[in-house]
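# Chains, contacts and geometry: an overview
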There are 2 protein chains.
Amino acid sequence: MMIQSSLLAAARGERPADVLLQGGMVANVLTAELERVDVAVAGGRVVGLGTDYEASHVVDVSGRFLLPGYLDAHVHIESSLATPPEFARAVVPRGTTTVVCDPHEIANVHGLAGIDYMLRSSQGLPLSVLVMASSCVPATPMGTAGAQLDAGDLTSLLAHDRVLGLAEVMNFPGVIGGHPDVLAKIDAFRGRPIDGHAPGVRGAPLNAYIVGGPLSDHECTTPEEALEKLRRGLWLFLREATNARNLRDLVPTLTPQNRRRVALCTDDRQPPDLLDEGGIDHMLRVLVESGIEPLEALRLATLNPAEYFGLRDRGAIAPGRRADVVVVSDLHSFAAEEVFVGGEPVARSGEALPWNLPAPPTPPPPSMQVPWDRVDLSIPARGDRVRVIRVVPDQIVTDAILTPPRVVDGLVAADPVRDLMKIAVIERHTGSGRVGLGLVHGMGLTEGALASTVAHDHHNLIVVGADDRSMLSAARAVASGGGGLAVARGDAILSALPLPVGGLMSDRPMEAVRLGLEAVIEAARGLGSDLHDPFMALSFLGLEVIPTLKITDRGLVDVDAFQLVDLWV
Amino acid sequence: MMIQSSLLAAARGERPADVLLQGGMVANVLTAELERVDVAVAGGRVVGLGTDYEASHVVDVSGRFLLPGYLDAHVHIESSLATPPEFARAVVPRGTTTVVCDPHEIANVHGLAGIDYMLRSSQGLPLSVLVMASSCVPATPMGTAGAQLDAGDLTSLLAHDRVLGLAEVMNFPGVIGGHPDVLAKIDAFRGRPIDGHAPGVRGAPLNAYIVGGPLSDHECTTPEEALEKLRRGLWLFLREATNARNLRDLVPTLTPQNRRRVALCTDDRQPPDLLDEGGIDHMLRVLVESGIEPLEALRLATLNPAEYFGLRDRGAIAPGRRADVVVVSDLHSFAAEEVFVGGEPVARSGEALPWNLPAPPTPPPPSMQVPWDRVDLSIPARGDRVRVIRVVPDQIVTDAILTPPRVVDGLVAADPVRDLMKIAVIERHTGSGRVGLGLVHGMGLTEGALASTVAHDHHNLIVVGADDRSMLSAARAVASGGGGLAVARGDAILSALPLPVGGLMSDRPMEAVRLGLEAVIEAARGLGSDLHDPFMALSFLGLEVIPTLKITDRGLVDVDAFQLVDLWV
């Protein structure tokens, strides 16, 4: 974009700026200082800081602090269960003006068409939605996703000016071991940001992972792991997700010397967290409570991620950069009183102002090909003991236990007395009719069934229940809504939250999604589950890259052995 | 470049590395810590840090410090008066393993062919010579350069993998004022590093300059100016050139919070400084003497410039990065005992080891088109007073004085009694026969003449002297060598240093160049000049972008008015 001469004239002070934010204290993250200067804006950019500028529109921000809009370094918008505009309405009023997203969930359902939908539906928002090309579609060949993206598919995305680099390379064994298809994807993005994902990887394997190419990591759980990764050259993204809260544990890692290579990310946040607690703003509060200087905390959400991603047009309130500005009255609550994007007011007192958005694009037609007449959830008994997935509360890892199943009329049945439920993964993308079947302990159900198409990462239709009739009711209820969450008992649908966009996202406002989510969770509680969020637990039982025992449409997966295993031992 | 699986195997420790630097303390600039770890190298890259690696070749560095090779963020190699291989032999043994150069001098002589020569002659060196496309060729239309490079010419250079961005945009009035040709050049390099050059520019003009696009500045002379530039988002390159020593003055600018956006550069260094004092290593010594922690000083010469230029393959000793390593025994003298480039030893005890270099390329044929029969240095008297350039010792700015000239037989003559010498700029690139004529005060000559083709930025043949015969002798001596420096008295050539490569660089070793330079300076002293370096002073009398009165082949330039002016008032 050629700089217009009108911007230069405004910068020189020879013509009035469009907007002047007057009287505030600028949080200068470039030098970590507070500066009493006005901010002159023209053409959506900061054109000058000083005290002599004039503008056609003056905003009095006397006595308040002006912060650069926050950047979220890594987020899956789909985890908000809402579309990008609704996600934006949740995060922008709290000060986040840029997110770097990995549209990994919808890509596993709809492939490039899904990523294209995310790009189109985030066009023209007050939130800058920047995209990393999803590197692991599908996660593994042990389950059936809706698409498969190779290096060529991923590089085709670079034609879009909001695509920055390669999203989290979760296949860390593939990088470390030098699998050619994984290296080909990395190689195609060489010179651009390449995000990593290497939970617990340390020592020589970590060295190899870094040699392979990823540049960041957001999966650290201990200060020791985090410090080793910083020392070896990975950027550290501190994460505070709904299902993985690592921030407080990792604060002790930070030193004045190493925190320049640290950024903040939310990864996966559900509506209640986004609406009640916030996102990056919440993380800033936690950091300041933990003793980090406010301007230093702010750098982790502004300048640092901007530098990591090579975004020279944001990350600070400075000439030439976007006029994305958050107005607050103090540097500990970070309560956003006003948010400006490109110099335009977009939110006030924590609420979005009316936005004039383009018409939302039509999402891809549902990936919901299930030949119901061939779907059979029965498990004929053919042995003494079965492998059972054991849910670990509030974690995405599972255990495996071996136990004799309850058998009724030659078929394996759920056993509520022992909290053993049947679980099924019904392939929904290709119409294969394939169903993976098993048993799970720890869901806490005593009757009925839960079904969901939010089932990382393949997002097939996952169902858990006490009897096949309830399971099929719940599954068919979900399918009829184009995807979503449902709770059934017998033929009765107790509650349902349709997620017609990819089977992952609602087309409703986030407040409505939140109420729907709370309703299905409440219905699940009525069936006996006492998990904090039984649908969240369910959604990770299919993720065959997280230990120990998981299930896909192809059957049980021993993740440590990285292979499919039989139900029967 | 696809990472080879052999590197990954070495990183995993499953096959021996090529080289192991064992027993040393690694200066980890990523976290600003010293770490007792071995460094395993394969394929020229660091593949691992740890204490369990093995290698086919082990180097014992016990008790010593391993530093990342230094980066010089901005240098004109031509100012060393030597070709890139000879420049490399001077700087690599002191620890500089990467330079980002602006081939601005030879570009003003030979255009793209000159830049191409610099690229070819630096191919295969142990020094990484990275290139910024010269933005100001020519500096202005008020003088005649050997070439003119527009935005299209400059972007054609991006096809070369060692060309990074746009070199110092010296035409700061053009940026601030929004001149379309200047903005077109910047726009062509948007998203890449764009170096700035804005001496003394502050306030609203500085805001406009930054809105225009440049990202760094190396022309600050006061801490106040430097801090303002950092606050507004420019990177600060601290400079310690032969003719501009700003480092000590600017150290007070640095704080732990702002110095992450600071790098070191040498800009222009002549052989005596390079050989006796050093370059970046000298600057590290000064910083540490000034109280900066050694690891923090080191960041300014390693990680910081690597981040500014987006060079993820260097700037730290870390997996995946180039194994460019400097071995020292202490962190205050920074005396390089060993230098490794790509894991290979290239220097020891401050001396280059024998390098197996490719045959040097042939430089472009001399740009030396002077129709001597039409060159006339006589100045017919046609007034009472003339404008005289006054040399300010050890500065590149000049003053202007008005005085009656000495006139002999109707012609203006030099007047040694008043230290008024004649000065001529003989256009050498196009054969126009054009000569700019004037008078200069302060060269200190009493007889004879000095001539040089090192005459920033047009690099025409500049001559100063007491009589036309000496001036023509010196000028023709220079021309006959394809360019260079010469001292003459009457018909006698007292000393000459041929610089046949572009009229800027010798084809001899730097030690020989140094002796030649000292000889011509000594000869100039014999003619009465007591300037520290009369050729250096002479070389800037033609630079029509530095105040106040300068001279080109088109005549006298009033730099403040930015226009040609008559000799006679």
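Residues numbered from 1 in each chain as written. Chains lettered and ligands numbered in written order. Predicted model: local features only at pLDDT ≥ 70, side-chain atom pairs only at ≥ 80, totals over all residues. Heavy atoms only, no water.

### Comments concerning the overall build of chain A
Broken down by element type, chain A carries 17 helices and 32 strands. What you see for chain A is a C-alpha radius of gyration of 25 Å, in line with the 25 Å of a compact globule of 569 residues. Along the first, second and third principal axes, the C-alpha atoms of chain A reach 90 × 50 × 45 Å. Burial status across chain A gives 65% buried among its 569 residues. For chain A, the proportion of contacts with a sequence separation of at least 24, taken over those separated by at least 6, is 68%. Counting only carbon and sulfur atoms, one obtains 50% of the accessible surface of chain A, whose full area is about 18500 Å². For chain A, the centre of its 48 positive side-chain charges and the centre of its 70 negative side-chain charges are spaced 2 Å apart. (Helix = DSSP H or I, 4+ residues; strand = E, 2+ residues; numbered from the N terminus. Rg over C-alpha atoms; globule rule 2.2 N^0.38 Å. Buried < 20%, exposed > 50% of the residue type's maximum accessible area, 1.4 Å probe, protein only. Contact = heavy atoms within 4.5 Å. Areas by Shrake-Rupley, 256 points an atom, 1.4 Å probe, with all protein chains shown as cover. Lys, Arg positive; Asp, Glu negative; His and termini not counted. Charge placed at Lys NZ, Arg CZ, Asp CG, Glu CD.)

### With respect to the sheet that holds strand β1 (residues 17–22) of chain B
Residues and elements named next belong to chain B. The strand order across the open sheet built from four strands is β5-β4-β1-β6, with neighbouring strands paired in mixed fashion. Edge positions in the open sheet fall to β5 (45–50) and β6 (55–60), since each of these has one partner strand only. When the angles between neighbouring strand axes are averaged without regard to direction, this sheet yields 25°. Looking at chain direction, strand β4 (residues 38–42) and β5 are connected through five bridges and run antiparallel. Counterpart to Val 41 in the pairing with β5 is Val 46. Packed on one face of the sheet, helix α1 (residues 5–12) meets β1, β4 and β5 and runs near 15° to β5. (Pairing = 2+ DSSP bridges. Axes fitted to C-alpha atoms, helices over the stretch in contact; angles between N-to-C directions.)

### Considering the pairing of strand β24 (residues 420–426) of chain B
Residue and element names in this part refer to chain B. Counted residue by residue, β24 has seven buried out of seven residues, so it is predominantly covered. Side chains Leu 420, Lys 422, Ala 424 and Ile 426 of β24 all project onto a buried face; the interleaved residues Met 421, Ile 423 and Val 425 project onto the opposite face, where all are buried too. Two strands pair when backbone bridges link them, and β24 and strand β25 (residues 435–441) are joined in this way by seven bridges, in the antiparallel orientation. Residue pairing in the sheet places Ile 426 in a bridge with Val 435 of β25. Relative to strand β27 (residues 461–465), β24 runs antiparallel, the two being bridged by five bridges. Paired with Lys 422 across the bridge in β27 is Gly 465.

### Re the environment of Val 557 of chain A
Inspection of the secondary structure assignment puts Val 557 of chain A in strand β31 (residues 555–558). Residues Val 557 of chain A and Met 142 of chain A, spaced 415 residues apart in sequence, show a C-alpha to C-alpha distance of 7.6 Å.

### Points about the interface of chain B and chain A
Where interface size is quoted, it is often the accessible area lost as the parts come together. Taken together, the 57 residues of chain B in the interface contact 57 residues of chain A. Across the chain B to chain A interface the summed buried area is about 4800 Å²; carbon plus sulfur atoms make up 53%. When residues of chain B are sorted by the area they lose upon contact with chain A, Val 211, Arg 260 and Arg 312 of chain B head the list and together hold 16% of the total. Our count for the contact surface shared by chain B and chain A stands at eight salt bridges. Salt-bridge contacts for Glu 35 of chain B lead to Arg 232 of chain A; the nearest nitrogen and oxygen are separated by 3.0 Å. Applying the counting rule to chain B against chain A returns 22 residue pairs in polar contact (both at pLDDT 80 or more). In terms of residue count, the dominant contributor to the side of chain B that touches chain A is helix α8 (residues 203–212) of chain B (six residues). In terms of residue class, the side of chain B that touches chain A is made up of 29 nonpolar, 13 polar and 15 charged. (Buried area = accessible area lost by both parts, 1.4 Å probe. Salt bridge = Lys/Arg side-chain N within 4 Å of Asp/Glu carboxyl O. Polar contact = N/O pair within 3.5 Å; in protein donor to acceptor, adjacent residues only side chain to side chain. Nonpolar A, V, L, I, M, F, W, Y, C, P; charged D, E, K, R; others polar.)

### Examining the pattern of salt bridges
The final tally for this structure, using the stated rule, is 73 salt bridges over all chains. Two residues, Asp 18 of chain A and Arg 15 of chain A, come together in a salt bridge whose shortest N-O distance is 4.0 Å. A relative accessible area of 32% places Asp 18 of chain A in the partly exposed class. When the shortest N-O distance is used, the salt bridge between Asp 276 of chain B and Arg 514 of chain B registers 2.5 Å. Of the two residues, Asp 276 of chain B sits in helix α11 (residues 271–277) while Arg 514 of chain B sits in helix α16 (residues 510–526), which places them 238 residues apart along the sequence. Here Arg 514 of chain B falls in the buried class, since its relative accessible area comes to 16%. Within this structure, Glu 240, Arg 245, Arg 269, Asp 273 and Glu 277 of chain A form a network of salt bridges that share partners.

### Looking at the sheet that holds strand β3 (residues 33–36) of chain A
Strand order in the open sheet formed by seven strands is β3-β2-β7-β16-β17-β18-β19 (chain A), and the pairing between neighbours is mixed. Two strands bound the open sheet, and with one partner strand each, they are β3 and β19 (351–352) of chain A. Examined bridge by bridge, strand β17 (residues 336–341) of chain A and strand β18 (residues 344–348) of chain A share four bridges and lie antiparallel to one another. Across the sheet, Phe 340 of chain A pairs through a bridge with Pro 345 of chain A, a residue of β18 of chain A. Contacting β2 (25–28) and β3 of chain A, helix α9 (residues 223–232) of chain B crosses the sheet at an angle of about 95° to β3 of chain A.

### Some details on the relation of the copies chain B and chain A
Superposition of chain B onto chain A requires a rotation of 180° combined with a translation of 0.0 Å along the rotation axis, giving an RMSD of 0.1 Å. The superposition of one copy onto the other is thereby described by a two-fold rotation axis. Same-surface contact between copies: 100% of interface residues of chain B are shared with the interface of chain A. (Least-squares fit on C-alpha atoms with pLDDT ≥ 70 in both.)

### Focus: the pairing of strand β9 (residues 96–101) of chain A
All names here are of chain A. For β9, a buried count of six out of six residues is recorded, marking the element as mostly surrounded by other parts of the structure. Pairing of strand β8 (residues 70–75) with β9 involves four bridges; the strand directions are parallel. When the sheet's bridge partners are listed, Asp 72 is paired in β9 with Val 99. Crossover handedness for the path β8 to helix α2 (residues 84–91) to β9: right-handed. Pairing of β9 with strand β10 (residues 128–133) involves four bridges; the strand directions are parallel. Looking across to β10, one finds that Thr 98 is bridged to Ser 128. (Right-handed = clockwise from strand over helix to strand, strands pointing away.)

### Looking at the packing of helix α12 (residues 280–289) of chain B against helix α13 (residues 294–301) of chain B
Residues and elements named next belong to chain B. In the contact formed by α12 and α13, the axes pass within 9 Å of each other and the chain directions differ by 145°. Note that α12 runs across α13; the crossing there is right-handed. Across from Ile 280, Leu 284, Leu 287 and Val 288 in α12, the residues of α13 making contact are Pro 294, Ala 297, Leu 298, Leu 300 and Ala 301. In the contact of α12 with α13, the residues fall into nine nonpolar, no polar and no charged. (Left-handed = near helix turned anticlockwise from the far one by under 90°.)

### Things to note about the confidence of the model for chain A
Here chain A shows a mean pLDDT of 96. Residues at 70 or above account for 99%. Scored by ipTM, the complex comes to 0.95, with pTM at 0.95. (pLDDT = per-residue confidence, 0-100.)

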